[in-house]
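In case you want the letters, here they are:
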Amino acid sequence: MTTNTTARFSGDGVITFQDVAMGPVRAGEVRLRVEVCALCGSDKRLLASGSPVVPGHEIAGVVVDAADSTGTAAGTRAIVYIPVYCGQCGQCRRGQTNRCLDLGELIGWQRDGGFATYVDVPAQCVIPVPDDVPLDVAVLGLDTVGTAAHGLRLALRTQSEPPQSAIVVGCGPLGLGVIAVAQALGIPEIHAYDPNAGRLALALELGAKEASDLESHNQYDIAVEVSGAGQARALAQRVIVPGGAVLALGESNDPYTMPATPRWRRTDCFTVRSFYFPLDEVDGNWEVLRRCGAFLRDKLAHPLTLAELPEAFDTFVAGVHLKPFIVTGAAS
Ligand SMILES: [Zn+2]
Ligand SMILES: [Zn+2]
């Protein structure tokens, strides 16, 4: 019998731990020993509200058991795709699994996630990791680089010529992922803005330049808004060139409003939105991670144990650590 130590969020910032006896792996599922589960900004919402399931959705681990029908071998190193997509609908059949028309649960949101020693996931959510990519780099292939790369790929598809300039507004983990991916995709001029000096400094270390003019119109082919703040959205809308693309990746509880100012009414441009990547981009994402993943990990990640999860959230919420990683085994 396997005992699973799981974190429970009961609301108002309270985290407790529960040991649960695990039964046999269910049909169609795979059991992973969690090696790394990264904290995500969106987890702060669950910390405040509480969660009926085990949170944690940026998971890398090693397969320890699997239902026979899955054909997944024990020992497989993997990251976990969050959307439990149907695999049958028109979008899934085209490989656009993030656009599934019959999306069931999200792992770590509607079913148990990775703030635990083990997690059972549907076999189709197991993404095997190439041997040369360490798990603490591979985990960045989910929200940090996977989402950034997909958003940028969507934005590039709107452009008839390769974009020459981009601004990234908001330099948290996803914003830094966008900078790294924009470089890997060959955008020559990448500027960054963040009101937090420490985050901006990391963006500059990654190779972005500090955006010096936040007021003038018509400056950037791509404006990536990664904070969800109203001012940041307005900034992106202000600096975009006609024909450019505003990429809206930031999330907040504030409504995303179009201001209907003369400037907005008379700007011919694209607004692109995404939240996650399709599985058919995973191979391309490994390529991006081979170039920038270890550097991103070294700049972003702060390893802590599962027992330290409450402290991890304290430092995360306080902005001391940009991306705490809960490591429950020896990441390899
Ligand atoms: Zn996330
Ligand atoms: Zn589907």
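In this text, all values refer to a predicted model and were calculated from it rather than measured experimentally.

## Some points on helix α7 (residues 230-239)
Right, so step 1: Along α7, the residues that are buried comprise Ala232, Arg233, Leu235, Ala236, Gln237 and Val239.
Right, so step 2: Those residues of α7 that are buried lie in contact with β8 (165-169), β9 (189-193), β11 (220-225), β12 (240-248) and α8 (262-265).

## Digging into the environment of Asp112
Right, so step 1: On the secondary structure map, Asp112 appears in the loop between α2 (90-93) and β6 (118-122).
Right, so step 2: Judged by relative accessible area, which is 38%, Asp112 ranks as partly exposed.
Right, so step 3: In this structure Asp112 touches Val53, Val54, Ile107 and Val119, once residues within four positions along its chain are discounted.
Right, so step 4: At 2.9 Å, the side chain of Asp112 and the backbone nitrogen of Val54 are in polar contact.

## Some thoughts on the coordination of the zinc ion (ligand 2)
Right, so step 1: All of the protein donors around the zinc ion (ligand 2) are Cys86 (SG), Cys89 (SG), Cys92 (SG) and Cys100 (SG); their distances to the metal are 2.4 Å.
Right, so step 2: Seen from the zinc ion (ligand 2), its four donor atoms lie at angles of 102 to 120 degrees, and the figure they make is tetrahedral.
Right, so step 3: Donor residues for the zinc ion (ligand 2) sit on one chain with the sequence pattern C-x2-C-x2-C-x7-C.
Right, so step 4: For Cys86, a relative accessible area of 24% translates into the label partly exposed.
Right, so step 5: The class of Cys89 is buried, set by a relative accessible area of 13%.

## A look at helix α9 (residues 282-300)
At 3.6 residues per turn, the α-helix brings residues three or four places apart onto the same side.
Right, so step 1: An ideal rise of 1.5 Å per residue puts 27 Å on 19 residues; α9 reaches only 21 Å between its terminal C-alpha atoms.
Right, so step 2: Of all the bends in α9, the largest measures some 60 degrees and sits at Cys292.
Right, so step 3: When we look at burial in α9, the residues that qualify are Val282, Asn285, Trp286, Val288, Leu289, Cys292, Gly293, Leu296, Arg297 and Leu300.

## What about the coordination of the zinc ion (ligand 1)?
Where a metal carries four tetrahedral donors, each ideal angle is 109.5 degrees; where it carries six octahedral donors, the ideal angles are 90 or 180 degrees.
Right, so step 1: Here the zinc ion (ligand 1) is held by the protein donor atoms Cys40 (SG), His57 (NE2) and Asp143 (OD), which lie 1.9 to 2.2 Å from it.
Right, so step 2: Read from N- to C-terminus, the donor residues coordinating the zinc ion (ligand 1) fall into the pattern C-x16-H-x85-D. Taken as a pair, Cys40 in the loop between β3 (29-38) and α1 (43-49) and Asp143 in helix α4 (residues 143-157) lie far apart in primary sequence, 103 residues in all. The pair formed by Cys40 and Asp143 is uniform in burial state, with each residue classed as buried.

## A word on the UniProt feature "domain: Alcohol dehydrogenase-like C-terminal" (unreviewed entry) in the protein chain
Right, so step 1: Feature annotation in UniProt assigns "domain: Alcohol dehydrogenase-like C-terminal" (unreviewed entry) to the following positions: residues 173-259.
Right, so step 2: Strand forms 25% of residues 173-259 and helix 37%; the C-alpha atoms that close the span are 28 Å apart.

## Re the side chain of Gln159
Right, so step 1: Within the element layout of this structure, Gln159 appears in the loop between α4 and β8.
Right, so step 2: Residue classification places Gln159 among the buried residues on the basis of a relative accessible area of 17%.
Right, so step 3: Side chain to side chain, Gln159 and Thr158 meet in a polar contact 3.0 Å long.
Right, so step 4: At 3.0 Å, the side chain of Gln159 and the backbone oxygen of Gly243 are in polar contact.

## Description of the packing of aromatic side chains
What characterises a pair of aromatic rings is the spacing of the ring centres plus the angle enclosed by the ring planes.
Right, so step 1: A full pass over the atoms with the stated rule returns nine aromatic pairs.
Right, so step 2: Aromatic pair Phe9 and Phe313: ring centres 5.5 Å apart, planes at 85 degrees, arrangement edge-to-face. Here Phe9, found in strand β1 (residues 2-11), pairs with Phe313, found in helix α10 (residues 309-317); they are 304 residues apart in sequence, far enough to count as distant. With respect to class, Phe9 is no different from Phe313; both count as buried.
Right, so step 3: For the ring pair Tyr81 and Phe277, a centre distance of 5.3 Å and an interplane angle of 75 degrees mean the geometry is edge-to-face. In this pair, Tyr81 sits in the loop between β5 (77-80) and α2 while Phe277 sits in the loop between β13 (270-273) and α9, placing the two residues 196 residues apart along the sequence. The residues Tyr81 and Phe277 share a single accessibility class, namely buried.
Right, so step 4: Chaining the aromatic ring pairs together yields one cluster made of Tyr81, Tyr85, Phe275, Tyr276 and Phe277.
Right, so step 5: It is Lys44 that lies over the ring of Phe316; its NZ or CZ is 4.4 Å from the centre.

Calculation notes
Residues numbered from 1 in each chain as written. Chains lettered and ligands numbered in written order. Predicted model: local features only at pLDDT ≥ 70, side-chain atom pairs only at ≥ 80, totals over all residues. Heavy atoms only, no water. Buried < 20%, exposed > 50% of the residue type's maximum accessible area, 1.4 Å probe, protein only. Helix = DSSP H or I, 4+ residues; strand = E, 2+ residues; numbered from the N terminus. Contact = heavy atoms within 4.5 Å. Polar contact = N/O pair within 3.5 Å; in protein donor to acceptor, adjacent residues only side chain to side chain. Donors = N, O, S within 2.8 Å, 3.2 Å for Na, K, Ca; no water. Tetrahedral: all angles 85-135°; square planar, octahedral: opposite > 155°, others 65-115°. Expected span 1.5 Å × (residues − 1). Bend = angle between axes of the 7 residues up to and from the residue. UniProt positions renumbered as here; feature names shortened; annotations may be inferred. Phe/Tyr/Trp six-rings, centres within 6.5 Å; stacked < 30°, edge-to-face > 60°. Lys NZ or Arg CZ within 6 Å of the ring centre and 35° of its normal.

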